[in-house]
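The residues making up each chain are set out below.
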Amino acid sequence: MKQLLHIIILLASSIGIYAQDNRNGKIDSFMNYLSDHGVKISVSRVNDKYHIAKRYNVSFEKDSILAKNEILSDQKRIPHLVDSICIFFDGMIRNSIESYRYESHKNGKDTISYTIATKGYGEKGDYVLDVSRYENSEFGWTNDHKHFRKSHTFLYSNSFLQQEVDFYNKLSGSSRKMYFGAKEAGMFDYVNGKGNIIYISNYENKAKGTYYNFDISPLDSALQSMVNTHSNIRQVAVTYKHAAGERTDKESTYFYTHYILPEPDGESESQGQLYIIPASETSRTIYSSLLKEANRFLDTHLTQCCVLEYSSRHFMLSGIKNTTRLKVNHIAESSLLLGYIDRSGTVYILRLETNGEYWIPRNWQKIESSINGKTTFIK
């Protein structure tokens, strides 16, 4: 009971912050709170010619989030942490422009569902777009189309767009579709021990410039500074080139895209450096510092097209180097920075320049080159 009271006090404080219109800070703080209690959180950010957006994806299972000595019985089927999430969303409902809540506990089954729109369109931010006539994955709108374009349209197809389309296709009912009709919105679902949260902020990019090409050099400078400071970092030159059809082979592929080029020819080539940093406090500091620099990059380079995705053990920043060539000549040239911490604490940083689609081989941490199916491992 004391623990739940502590959670309520903590969240009541957070809800007070909300009254000062500090939504982003509140969301960040709450996500950190959930992460500290065993919840898996991943974040996606995108800067684009038309908009800037951020999305949190949260998932958990009952056993992983039970507090110390917490035992669930027929009388107490909902973990304290789920209670805290409900309190958090209830606080946001008080300041939302539209919200839906459903809760059911019967026949031994527990279901909780929230959908909230906290920031809309219009001069007062209180107008939710009509998404009832959404057509497949083309974002074909009617009356609200021009308003929607200001904060959702992408200059080129990227992972953030693909994720947005996937989310929409999985949702049903007007209360869930409303999620895409607001500039800021959230959803929470909990069913029999499993739960997930999605929270998104999606705004028009008012810092539009003449060029929207991605220049990763600030990150390269930060990376090189770290390499110069620490003598135990191993560097390996890497080359990846995939054969036709290889990118869809899950046994050989760690990551690939199939959406950058309108008509991909089945080939791509990446060259760059792999940095291997032995497990230590230093390695974790380097990882955290690079992720911080990647977030800083998106905060300060609003006119460059790039996508950043990260979790507690993985991040990937990628962007198109020349959007004109991509849109006019269908030539994709891009830069990528990938960070990963394995279970031992060893950090791997992969820095690539790519022509064509992204393709990274499985077990890339151990691979020097992978060319058309022929793999050479690091000695």
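Residues numbered from 1 in each chain as written. Predicted model: local features only at pLDDT ≥ 70, side-chain atom pairs only at ≥ 80, totals over all residues. Heavy atoms only, no water.

1. A few points about the overall build of the chain
Of regular secondary structure, the chain possesses 10 helices and 16 strands. Within the chain, the fraction of its 379 residues that count as buried is 50%. For the chain, restricting intrachain contacts to residue pairs at least 6 apart in sequence, the fraction spanning at least 24 positions comes to 68%. With an accessible surface of roughly 18900 Å², the chain has 47% of that area assigned to carbon and sulfur atoms. (Helix = DSSP H or I, 4+ residues; strand = E, 2+ residues; numbered from the N terminus. Buried < 20%, exposed > 50% of the residue type's maximum accessible area, 1.4 Å probe, protein only. Contact = heavy atoms within 4.5 Å. Areas by Shrake-Rupley, 256 points an atom, 1.4 Å probe, with all protein chains shown as cover.)

2. A word on the pairing of strand β7 (residues 234-242)
One ladder, built from nine bridges, connects β7 with strand β9 (residues 268-277); its direction is antiparallel. Residue pairing in the sheet places Gln-235 in a bridge with Tyr-275 of β9. Relative to strand β15 (residues 367-371), β7 is paired through three bridges, and the arrangement is parallel. Considered in β15, the bridge of Lys-241 is made with Ile-371. (Pairing = 2+ DSSP bridges.)

3. A few points about the side chain of Lys-183
With respect to the element layout, Lys-183 can be found in the loop between α7 (174-177) and β5 (184-191). Not counting residues within four places of it along the chain, the set of residues in contact with Lys-183 comprises Lys-119, Gly-120, Tyr-121, Ile-200, Ser-201, Asn-202 and Tyr-203.

4. Thoughts on the confidence of the model for the chain
For the chain, mean pLDDT is 82; residues scoring 70 or higher make up 83% of the total. Ignoring residues within four places in sequence, the model shows residues 1-21, a span with pLDDT below 50, making 23 contacts including any to other chains. (pLDDT = per-residue confidence, 0-100.)

5. What to know about the pattern of salt bridges
A complete count under the given rule lists 11 salt bridges for this structure. One salt bridge in this structure joins Asp-28 and Lys-54, with 3.5 Å as the shortest N-O distance. Pair noted here: Asp-28 is in helix α2 (residues 23-36) and Lys-54 is in strand β2 (residues 51-61), with a separation of 26 residues, a long-range link. With relative accessibility at 29%, the residue Asp-28 sits in the partly exposed group. Between Glu-103 and Arg-101 there is a salt bridge; the shortest N-O distance is 2.4 Å. According to the relative accessible area criterion, Arg-101 is partly exposed, its value standing at 44%. One connected set of salt bridges, linked through shared partners, spans Asp-220, Lys-321, Arg-351 and Glu-353. (Salt bridge = Lys/Arg side-chain N within 4 Å of Asp/Glu carboxyl O.)

6. Considering the pairing of strand β13 (residues 347-356)
With eight of its 10 residues buried, β13 lies for the most part within the structure. Pairing analysis gives 10 bridges linking β9 to β13, with the strands arranged antiparallel. Within the sheet, the bridge partner assigned to Glu-269 lies in β13 and is Asn-355. Both strand β12 (residues 333-341) and β13 contribute to a ladder of nine bridges, which runs antiparallel. Pairing of Ile-341 across the sheet is with Val-347, part of β13.

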